[in-house]
Structures are given as structure tokens and as C-alpha cells.
Amino acid sequence: QLVHHEPMVRRLVREAVDRFVDAGRVDLVAAMLYEVPLTVALHFLGVPEEDMDTLRAYSTAHTVNTWGRPAPEQQVAVAHAVGNFWQHSRRVLAKLREDPSGHGWMPYSIRQQREHPDVVTDSYLESIMMAGTVAAHETTALAAANALRALLSHRAVWDALVDDPTLIPNAVEECLRMTGSVAAWRRILTADATVGGVALPKGTRLLLVQASANRDDRQFDEPDVLDVRRENASDHLTFGYGAHQCMGKNLA
């Protein structure tokens, strides 16, 4: 049940827009799209308001540590931030344990730990606190930025959404298909397999390029056209598929 988050998401976006709407020009990523998804994720997790700013800073450092290329003089600071992220997550969890009756994934998980301590471990809670913060942040921010850039680059499509907002849900799927923020992922084969006539032994490292699959003309007619009325737009693989698809795709 995510619908009860909608008023909060609308409020955050409207507040961000109000800050720049009269300026004449704006960097949408800096002014709105980078911060809002993270704030939504922290609300979803049930993180107290007073801890949000700290976790925002640590999440950014964690992302740089995982995916970025920090210069040598930055690496020690980034490493310290990641360690502090873990310690701060523990402090937030300790605070939530004092009263886990609130809304959010972490209070719920703490309540479940009391009933199933062998399943919901301390390590699980700490990992989910960090992973839930980081995984929701960069990917969603960049997907939103990519979507707005794609729509604004096709003015007729943008105008169609303005005229008929009922097209927006399918437009989201179409933008995820064409300009999703995760272009590829990696896997290791657990058994011998043949893919496209190529024999692949167990242990082969694979790079699965979802961005290529999302433009496969055997699946999508005119795949390089941004079509917000595309009937099968949601067939994209941007969130993966099967047992390992993105846990947070509906929130995203």
C-alpha cells in the first residue's frame, strides 16, 4: 500500500517547484530531482525528520564509493563517510526501537524482529536501512531527470500529457523503457547454458544490457520512438525480471 504516500510526495514536489518557479531557468536535478526521491525514501523507511539531512549526506558518499571515481585525495573522506553512515544507521535504529509503533518499513521490520528474531536479524535491519536509502536515491533521481529531458525534448508529447494527464502513468513506463537510469546489470551463471546459440559454461560472468532489450524491435514497434500511448510500454526490463527484480520498483 503506497497510495498514502502520494500527498507527501505531491507536497515535496510543490515545495521544490515553488522555490524556483519564478526564476526563469533552473537546474532541475539540483533544485528538485536529486533531493525529493531520497526524502520520499527516508519517509518510506520511517526515518525521523531530524536524521534526514545527515542520512542524505551519507547516502551521497555511499553512492560515490560504490559507483563513482573519487580522486585519491577524496577517497579517505568518502570511506569515513561510509563508515559513519553505518554507525548513524545503527543510532537511528536504536531510536526507532524505543518506539517502533510508527509508520515505515523500519518500524515494521523492528516489530517483526520481535516475533522472528532468527529471520529479521540486526545485520538485516542495518543493511536494509542503508540499502533502502541508497538504492532508492540515485536511480530514481536520474530516472526522473532522464524522463523529463525526454519529454521536454519532444514538445508534442509533453503537450499531450498537459492536455490529458491520464496518459502520465503509461508515459512513466515509456520513459523507463527508453531512458531508464540502470542500463545494465551483472550475473554469474550457476549452471551451463546456451544463449542465442552460444554455449556458456557455469561460472561465466554476464553483463545483461536491459537498455538494449528495451529497444528490441521484436518486442516493441518503432522502439526508438517515444510513444506515451504504447500499449506494451510496461514490458520493459528496467527493473529486471523474475525473482531478482527491483524490490522498490512500485515506490520508485
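In what follows, the structure referred to is the one given above.
Residues numbered from 1 in each chain as written. Predicted model: local features only at pLDDT ≥ 70, side-chain atom pairs only at ≥ 80, totals over all residues. Heavy atoms only, no water.

1. Let's talk about the overall build of the chain
And step 1. Of regular secondary structure, the chain possesses 10 helices and four strands.
And step 2. Along the chain, helices (α) and strands (β) appear in the sequence α-α-α-α-α-α-α-α-α-β-β-β-β-α when read from the amino end.
And step 3. If one aligns the C-alpha atoms of the chain with their principal axes, the spans along those axes are about 60 × 55 × 45 Å.
And step 4. Scored against the burial criterion, the 252 residues of the chain give a buried share of 33%.
And step 5. Partitioning the contacts of the chain with sequence separation of at least 6, the portion at a separation of at least 24 is 58%. (Helix = DSSP H or I, 4+ residues; strand = E, 2+ residues; numbered from the N terminus. Buried < 20%, exposed > 50% of the residue type's maximum accessible area, 1.4 Å probe, protein only. Contact = heavy atoms within 4.5 Å.)

2. Some remarks on the pattern of salt bridges
And step 1. Summed over the entire model, instances satisfying the criterion amount to nine salt bridges.
And step 2. Salt-bridge contacts for Asp216 lead to Arg218; the nearest nitrogen and oxygen are separated by 2.8 Å.
And step 3. Arg218 gets classed as exposed once you look at its relative accessible area, which sits at 73%.
And step 4. One continuous salt-bridge network, built from bridges that share partners, spans Glu174, Arg177 and Arg230. (Salt bridge = Lys/Arg side-chain N within 4 Å of Asp/Glu carboxyl O.)

3. So, the environment of Gly132
And step 1. Positionally, Gly132 belongs in helix H7 (residues 122–152).
And step 2. Taking relative accessible area as the criterion, Gly132 reaches 19% and is therefore assigned buried.
And step 3. Apart from the residues within four sequence positions on either side, Gly132 is in contact with Ala41, Leu45 and Ser127.

4. Topic: the packing of helix H5 (residues 72–98) against H7
In a packed pair of helices, the relevant descriptors are the angle between the two axes and the axis-to-axis distance.
And step 1. Running from amino to carboxyl end, H5 crosses H7 at an angle of 115°, the nearest separation of the two axes being 10 Å. On the basis of their axis angle, the class for H5 and H7 is roughly perpendicular. Along this stretch, H5 crosses H7, giving a crossing that reads as right-handed. In contact with Val82, Phe85, Trp86, Ser89, Arg90, Val92, Leu93, Leu96 and Arg97 of H5, H7 contributes Asp122, Leu125, Glu126, Ser127, Met129, Met130, Thr133 and Val134.
And step 2. Grouping the constituent residues of the contact of H5 with H7 by class yields 10 nonpolar, three polar and four charged. (Axes fitted to C-alpha atoms, helices over the stretch in contact; angles between N-to-C directions. Parallel < 35°, antiparallel > 145°, perpendicular 65-115°, else oblique. Left-handed = near helix turned anticlockwise from the far one by under 90°. Nonpolar A, V, L, I, M, F, W, Y, C, P; charged D, E, K, R; others polar.)

5. A look at the packing of aromatic side chains
And step 1. Here the structure, examined in full by the defined rule, presents one aromatic pair.
And step 2. Positioned above the aromatic ring of Phe220 is the side chain of Arg177, whose terminal nitrogen or guanidinium carbon lies 5.0 Å from the ring centre.
And step 3. Geometry around Trp185 places Arg186 over its ring, the cationic atom sitting 4.4 Å from the centre. (Phe/Tyr/Trp six-rings, centres within 6.5 Å; stacked < 30°, edge-to-face > 60°. Lys NZ or Arg CZ within 6 Å of the ring centre and 35° of its normal.)

6. With respect to the packing of H7 against helix H8 (residues 155–163)
And step 1. Where H7 contacts H8, the axes come no closer than 6 Å and their chain directions differ by 105°. Compared by their axis directions, H7 and H8 come out roughly perpendicular. For the pair formed by H7 and H8, the contact residues are Leu148, Leu151 and Leu152 on the first element and Arg155, Val157, Trp158 and Leu161 on the second.
And step 2. Per-class residue counts for the contact of H7 with H8 are six nonpolar, no polar and one charged.

7. A closer look at unusual backbone geometry
And step 1. Its identity as a non-glycine residue notwithstanding, Glu222 has a phi of 45°, on the positive side.
And step 2. Note on placement: Glu222 falls in the segment after helix H10 (210–213).
And step 3. On the basis of relative accessibility, which here comes to 60%, the residue Glu222 falls in the exposed class.

8. Brief notes about helix H6 (residues 105–115)
And step 1. When we look at burial in H6, the residues that qualify are Met106, Pro107, Ser109, Ile110 and Gln113. Down the axis of H6, the sector holding all buried residues measures 160°, keeping them to one side.
And step 2. On its buried face, H6 is in contact with helix H3 (35–45), H5 and H7. (Arc of directions from axis to C-beta.)

9. Overview of the environment of Asp53
And step 1. For Asp53, the position within the fold is in helix H4 (residues 52–67).
And step 2. Sequence separation of Asp53 and Glu174 is 121 residues, and the distance between their C-alpha atoms is 33 Å.

10. Some details on the nonpolar core
Soluble, globular proteins show a tendency: their nonpolar side chains are buried together.
And step 1. If you look at the biggest cluster of nonpolar residues, it comprises 21 residues, and the most contacted ones within it are Val47, Met106 and Met129.
And step 2. Listed by contribution, the elements that provide at least two residues to this core are H3, H4, H5, H6 and H7.
And step 3. With residues near it in sequence (within four places) discarded, Met129 still touches Leu45, Val47, Ser89, Val92, Leu93, Leu96 and Met106.
And step 4. Of all hydrophobic cores here, the second largest spans 12 residues; its members include Val157, Leu161, Ala171 and Val228. (Core = buried A, V, L, I, M, F, W, Y, C linked by side-chain atoms within 4.5 Å.)

11. Overview of H3
An α-helix turns once per 3.6 residues; consequently, residues spaced three or four apart project the same way.
And step 1. Counting buried residues along H3, eight of its 11 residues qualify, which places the element largely inside the surrounding structure.
And step 2. Immediately beyond the C-terminal end of H3, within one or two residues, lies Gly46, with a positive phi of roughly 90°.

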